[in-house]
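# Chain and residue survey
These are the residues of each chain, in order.
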Amino acid sequence: MTDAPRTTLPGWTIEALYDDYRQALSEDEVLYDSETGHQRIRVFTNPRFGRVLTLDDVVQTTEGDEFIYHEMLTHVPILAHGAAKRVLIIGGGDGGMAREVLRHTSVGHVTMVEIDAGVVAFSKKYLPSLSAGAFDDPRLNLVIADGAEFVRESADRFDVIIVDSTDPVGPGEVLFTDTFYGRAKSCLAEGGILVTQNGVPFLQGEELTNTMRAFKALFRDATCYMATIPTYAGGPMAFGWGTDGTARQTSPEVLEQRFEAAGISTRYYTPQVHTGAFALPRYVLDLIPNG
């Protein structure tokens, strides 16, 4: 007989997102620990990953590896589109997604819809490197509201919509429904692209399957692409991709030209990584309806 999995350990944060799998990060110092009206927010320092943000003890972002997630959810759709002027971010309260989008000087307007003002406030104070001044950019319109309600009511149209949601539990659950995806599509301009975070397929396969089923009913081009982010444990993370346009067929040569023209310095994204990210392993293809 074995002992039950430990869910507490002094000096460590134990992430128990999955019933049969745990991730543990040591804590050098707890900088912030507070309950908001929606969730428990904590920031602590880890010797390898720097400052770590958790919501209900689930890792959301770290100073050490956030660049992978934020670069891949922004530069892939924006550079594939090639002429994105208006971008909508659902979630992203730490400001990292806005930071990367706003590095594109060709983007003239960014609307960011975050449900929890507390996330924004403490991120400015405790994780300022993530936003890196993005909240002060005049092109950013920060809206504190429910993202699902926003896409239901908005008459605006966007070239790229980025859904930077938490996992499909609690406040983030509604952002994984067919209804939400349909309403988000209605906010896309012609040729627009919707991208989403869809978890780690090896451990969260049902999440990807459900999103891809909805995307295939909504878009002519529906798939996902992947990147490996160390603190999103369990294998590569999937990002949903949906569009009625042909942006995914953009050649590596054109991507290279657009990347050079943008003048952006990256730590993970390259045009070659962009192209390769859509080459999916068999176990992931098997999770996609008709994959």
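The rules behind each value
In every chain, residue numbers begin from 1 and rise along the written sequence. Where totals are concerned, whole chains, interfaces and linings use all residues; where local detail is concerned, this predicted model gives features only for residues with pLDDT of at least 70, and gives and counts side-chain atom pairs only at 80 or more. Excluded from the side-chain calculations are hydrogens and water; all other atoms, namely the structure's heavy atoms, are used. A run of H or I in DSSP becomes a helix once it reaches four residues, and a run of E becomes a strand once it reaches two; helices and strands are each numbered from the N terminus. Here a helix's expected span is defined as the number of its residues, less one, multiplied by 1.5 Å. Here the bend at a residue is taken as the angle between two axes, fitted respectively to the seven residues that end there and the seven that start there. Burial here depends on accessible area, computed with a 1.4 Å probe over protein chains only, as a share of the maximum for the residue type. Under 20% is buried, over 50% is exposed, and the range in between is partly exposed. By definition, two strands form a pair when at least two bridges between them are found by DSSP. To get an axis, fit a line to the C-alpha atoms, keeping to the stretch in contact for a helix; angles then go from 0 to 180 degrees between the N-to-C directions. Every angle not falling under 35 degrees, over 145, or within 65 to 115 is termed oblique; those three ranges are roughly parallel, roughly antiparallel and roughly perpendicular. Contacts are assigned to residue pairs that have any heavy atoms within 4.5 Å of one another. Each residue is assigned to one of three groups, with Ala, Val, Leu, Ile, Met, Phe, Trp, Tyr, Cys and Pro labelled nonpolar, Asp, Glu, Lys and Arg labelled charged, and all others, Gly among them, labelled polar. One speaks of a salt bridge when a side-chain nitrogen belonging to Lys or Arg is within 4 Å of a carboxyl oxygen belonging to Asp or Glu.

### Remarks on helix α1 (residues 66-81)
Taking 1.5 Å of rise per residue, the 16 residues of α1 would be expected to cover 22 Å, and the 23 Å separating its terminal C-alpha atoms lies within 8% of that figure. Considering bend angle alone, the principal kink of α1 is centred on Met72 and spans about 25°. Along α1, 16 of the 16 residues are buried, which leaves the element largely enclosed by surrounding structure. The first or second residue beyond α1 is Gly82, which carries a positive phi of 90°.

### Overview of the sheet that holds strand β12 (residues 221-227)
In sheet architecture, strand pairing relies on hydrogen bonds along the backbone and comes in two forms, parallel and antiparallel. The seven strands lie next to each other as β9-β8-β7-β10-β11-β13-β12, forming an open sheet whose pairing is mixed. At either margin of the open sheet sits one strand with a lone partner, and together these are β9 (140-144) and β12. Pairs of neighbouring strands in the sheet enclose a mean axial angle of 15°, with direction left out of account. Relative to strand β10 (residues 158-164), strand β7 (residues 86-91) runs parallel, the two sharing five bridges. The partner of Val87 across the bridge, within β10, is Val160.

### Examining the packing of α1 against helix α8 (residues 252-262)
Direction vectors running N to C along α1 and α8 enclose 105°, while the axes themselves pass 9 Å from each other. Here α1 lies roughly perpendicular to α8, going by the angle between them. Seen from α1, the contacting residues are Leu79, Ala80 and His81; seen from α8, they are Leu255, Arg258 and Phe259. For the contact of α1 with α8, the class distribution of residues is four nonpolar, one polar and one charged.

### Thoughts on the pattern of salt bridges
Scanning the entire structure with this criterion turns up 13 salt bridges. Residue Asp156 is joined to Arg86 by a salt bridge in which the shortest nitrogen-to-oxygen separation is 4.0 Å. With Asp156 in the loop between α5 (147-153) and β10 and Arg86 in strand β7, this residue pair connects regions lying 70 residues apart in the sequence. A residue is classified by how much of its surface remains accessible, and Asp156, at 34% relative accessible area, is partly exposed. Residues joined in a network through salt bridges with shared partners are Glu27, Asp33, Arg40 and Arg42.

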